Amino acid sequence: MLGAPRGAHRPPPPPPHAGHHELVAAALMAGKHVLVEKPLAMTVEEGAALTALAESAGRVLSVVSQHRYDPVVTAVRDWIADGLLGRLVSGTVSLQCGRDDAYYAESYWRGTFAGEGGSALVNQGYHALDVTRWLTGGLTVVGAATGHTAPRGGMETEDTLAAVLRGPQGALVTYQVTVASSITWRTRIELVGTGGSVLFDLDHPGTLHLAEGGDALRAAARTVRGQVSPPPAGIGYYGISHRRQIADFAAAVRDPRHTMAADGTAGLETLRLLREMYRTARSGDGAAASSGTAGVGAVVARG
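Draft legend 1. Highlighting the sheet that holds strand β7 (residues 180-193). Here we have seven strands laid out as an open sheet, ordered β4-β5-β6-β3-β7-β8-β9, and mixed in their pairing. A single partner strand is all that each edge strand has here, and the edge strands are β4 (140-147) and β9 (208-213). With strand direction ignored, the average angle separating the axes of adjacent strands in the sheet is 10°. As paired elements, strand β3 (residues 88-98) and β7 share 10 bridges and run antiparallel to each other. Counterpart to G91 in the pairing with β7 is L191. The strands that helix α7 (residues 215-225) touches are β8 (196-200) and β9; relative to β9, the one it contacts most, it runs at about 160°. Across the sheet, helix α9 (residues 264-282) is in contact with β4, β5 (160-166) and β6 (172-178); its angle to β4 comes to roughly 60°.

Draft legend 2. Here's a closer look at the pairing of β8. In terms of residue burial, β8 counts as a mostly covered element, since four of its five residues are buried. Pairing between β7 and β8: four bridges, direction antiparallel. Note on β8: the bridge partner recorded for I189 is F200. Taken together, β7 and the strand that follows it, β8, pair antiparallel across an intervening segment of two residues. Where β8 meets β9, five bridges bridge the pair, whose relative direction is antiparallel.

Draft legend 3. Up close: unusual backbone geometry. Cis geometry marks the peptide bond from K38 to P39; its omega dihedral reads -5°. Looking at the element boundaries, P39 is found in the loop between β1 (34-36) and α2 (44-57).

Draft legend 4. Looking closely at the environment of S107. Structurally, the position occupied by S107 is in the loop between α4 (101-105) and α5 (120-124). By relative accessible area, S107 is classed as buried at 16%. With 91 residues separating them along the chain, S107 and P16 place their C-alpha atoms 9.5 Å apart.

Draft legend 5. View of the nonpolar core. One finds W79, Y175, F200 and M277 to be the most contacted residues of the largest nonpolar core, which totals 65 residues. Top element by residues in this core is α9. It accounts for seven residues. Discounting chain neighbours no more than four positions away, the residues touching W79 are L84, L85, V198, L208, A211, L217, A220, A221 and V224. Listed in part, the eight residues of the second largest apolar core include V64, A252, M260 and A262.

Draft legend 6. Summary view of α2. For α2, which comprises 14 residues, the first-to-last C-alpha distance of 20 Å matches the rise-based estimate of 20 Å (1.5 Å per residue) to within 8%. Every buried residue of α2 is accounted for by V44, G47, L50, T51 and A54. Buried residues in α2, looked at end-on, bunch into an arc of 125°, giving them a common side. Among the exposed residues of α2, those oriented more than 90 degrees off its buried face are E45 and S56. Check the buried side of α2 and you find it contacts α1 (20-29), β2 (61-63) and α9. Where α2 ends, the next residue or the one after it, G58, has phi of about 70°, a positive value.

Calculation rules
Residues numbered from 1 in each chain as written. Predicted model: local features only at pLDDT ≥ 70, side-chain atom pairs only at ≥ 80, totals over all residues. Heavy atoms only, no water. Pairing = 2+ DSSP bridges. Helix = DSSP H or I, 4+ residues; strand = E, 2+ residues; numbered from the N terminus. Axes fitted to C-alpha atoms, helices over the stretch in contact; angles between N-to-C directions. Contact = heavy atoms within 4.5 Å. Buried < 20%, exposed > 50% of the residue type's maximum accessible area, 1.4 Å probe, protein only. Core = buried A, V, L, I, M, F, W, Y, C linked by side-chain atoms within 4.5 Å. Expected span 1.5 Å × (residues − 1). Arc of directions from axis to C-beta.

Structural data, given as structure tokens:
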């Protein structure tokens, strides 16, 4: 696939997260533009090396972050930018899903530190974290803790993680993810501002449950509620916005001046944040350091 000059090529079977760096680096050095499944790499150092390589090679690098392209998410981002929510003061992010023993037992890398680099957060919880970081303009870690209370299939990594995060203007965000739920998949993101509040999910079709505030916010919400796409084939909670990201990726390939909503740098910053959450959770007391730091090829590894 790397030696082929053009055309569409079927990607290989999903590699472990630990394999992303090597495969992406090889594709970039072969002159390919790369759209890689999340996460960008296992470590921040590997991720930074890949973004630097893409820049020096003049290639487009993007990390799959399809929910950044969901109509509800893009609408909420516009509302925040337009001041319809006022100043953000708090947020609540919750993802509960169920993964059975076979999901981990039948995989040589899922649920392992060496292959996956974590579990509930880096795999299932990635998109909820990425979207929240994008909407708030960045997040730092206040505290975090992991749970290994109901492990599936011999997994050695966390089945549950909870954290307190802080936005650039001081908003406090609580974040929790678990793979030990009886519910197949449910995501909820609530953002509260001084001028309005929104509650929505990332499950297809990306439902806006609440938008309370001024007249402009309510009017904008009515428009979004009328834009519901038909359900996708296959697993519904992946959504249908991959096509939007792929179109954005193609536009960046065609025009180097085009800025993607989910470029390699965006993937690196989300990787930086989640690695800081893991580091904080492992530190023992669950509190972040006082410095508050964290702020066409394909590699596929679905959650």
